[in-house]
Every structure is written in structure tokens, then in C-alpha cells.
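What follows is the residue order along each chain.
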Amino acid sequence: VVLCDRFTDATLAYQGAGRSFPTDFLSKANAFAANSLAPDLTILLDVDPAIGRRRLAGRGTPVDRFEGEAAAFYDRVREGYLRIAKKDSGRVVLVDASGSMAVVQEKIRNEVTRRRFVGS
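For every chain, the first residue of the written sequence is number 1, and numbering continues from 1 along that sequence. Owing to the predicted nature of the model, reporting of local features is limited to residues with pLDDT of at least 70; listing and counting of side-chain atom pairs is limited to 80 or more, with chain, interface and lining totals taken over all residues. Note that water and hydrogens are dropped before the side-chain values are worked out from all heavy atoms of the structure.

## Here we look at the nonpolar core
Applied cut-off: For the purposes of this section, nonpolar cores are sets of buried Ala, Val, Leu, Ile, Met, Phe, Trp, Tyr and Cys residues that join through side-chain atoms within 4.5 Å. Between buried and exposed lies partly exposed: a residue is buried under 20% and exposed over 50% of the maximum accessible area for its type, with that area taken using a 1.4 Å probe on protein chains only. Working definition: helices are DSSP H or I runs of at least four residues, strands are E runs of at least two. Numbering for both runs from the N terminus. Whether two residues are in contact is decided by their heavy atoms: any pair within 4.5 Å suffices.
Core analysis: the largest hydrophobic core is formed by 13 residues, its most contacted members being Ala-13, Tyr-14, Leu-44, Phe-73, Val-77, Tyr-81 and Val-92. Elements that contribute at least two residues to this core include exactly α1 (8-18) and α4 (71-87). By residue number, the principal contributor to this core is α4, which donates 6 residues. If sequence neighbours within four positions are ignored, Phe-73 has contacts with Tyr-14, Gly-18, Arg-19 and Phe-66. Membership of the second largest hydrophobic core comes to 7 residues, among which are Val-47, Val-95, Val-104 and Val-112.

In C-alpha cells form, the structure reads like this:
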């Protein structure tokens, strides 16, 4: 089992939807770079960008280049991720991440167990 927090979907969402780069080109570049490797399961933690920004502000850590983007950028990124989830619903599981960390963790654990990626 290999876990990663970003993969090719992030490129399509951030650069494609967020920055309006051509998604056709990005998809081809991703396929080449990843040698057409694709995840078996992607957990998409979905939260309203306004909630995400409040959580970020509550951390008290410096803001990086992406975190400092305008709200409209994050709206576009979220919409990009939601399009990916709709298009590839067999691989991408949408998890409402607006709840507490414990609730979100339980949702993820249940989904991973249900799909038999780990034992129950």
C-alpha cells in the first residue's frame, strides 16, 4: 500500500481548473510523467474553501504561495476536483471534510476498509 497526499489529480485541479492551463495538455503530461500509473483509490476531502481558509488561519503558520491565493482560485480548484470525482467515481471517493478530524478519519477508515484495502 502506497499513500500520497497529491498525485496527478492535483495538477488537473490546481493548474488546470485553478490556473486555467489546458487540461488536455496536463493530462498527457501527467500520463507521461507517471508512466500512466493511476491510483486504485483516491479520497477527496471536500470542504467549502471558506472553511479551509479559516482552518488555515487558525494554524498560526506562515502562508505559502498556494495558500495565499484569492478565494476565487480555491473555488475553481474545488470545482476541478469535484469534476474529477464525478468523472471517475469508481476511483474517487468524496468525503465531507467539514466535520471534526475524528469524524473525517472515521469516514476514511470505513471507506478504505469497505473497499478491502486494509483489514477490518
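Next comes the rest of the account.
## What about the packing of α1 against α4?
Let me state the cut-off plainly: Note on geometry: axes are C-alpha line fits, over the in-contact stretch for helices, and angles between N-to-C directions span 0 to 180 degrees. Any angle between 65 and 115 degrees counts as roughly perpendicular, while under 35 counts as roughly parallel, over 145 as roughly antiparallel, and the rest as oblique. Rotating anticlockwise by less than a right angle from the far helix to the near helix defines a left-handed crossing, while the corresponding clockwise rotation defines a right-handed one.
One can describe the packing of α1 onto α4 by two numbers: an axis separation of 8 Å at closest approach and a directional angle of 135 degrees. Regarding the angle of α1 to α4, the classification is oblique. The handedness of the crossing between α1 and α4 is right-handed. Contacts between α1 and α4 involve Asp-9, Ala-10, Leu-12, Ala-13, Tyr-14, Ala-17 and Gly-18 on the former and, on the latter, Phe-73, Tyr-74, Arg-76, Val-77, Gly-80, Tyr-81, Arg-83 and Ile-84.

## Topic: the packing of α1 against helix α2 (residues 23-33)
Defined as follows: Amino acid classes used here: Ala, Val, Leu, Ile, Met, Phe, Trp, Tyr, Cys and Pro are nonpolar; Asp, Glu, Lys and Arg are charged; the rest, including Gly, are polar.
Interhelical geometry of α1 versus α2 gives an angle of 155 degrees and a closest axis separation of 10 Å. Judged by the angle between their axes, α1 and α2 are roughly antiparallel. When the axes of α1 and α2 are compared, the crossing they make is right-handed. Where α1 approaches α2, its residues Thr-8, Thr-11, Leu-12, Gln-15 and Gly-16 are matched on the opposing element by Thr-23, Leu-26, Ser-27 and Asn-30. Residue composition of the contact of α1 with α2, by class: 2 nonpolar, 7 polar and no charged.

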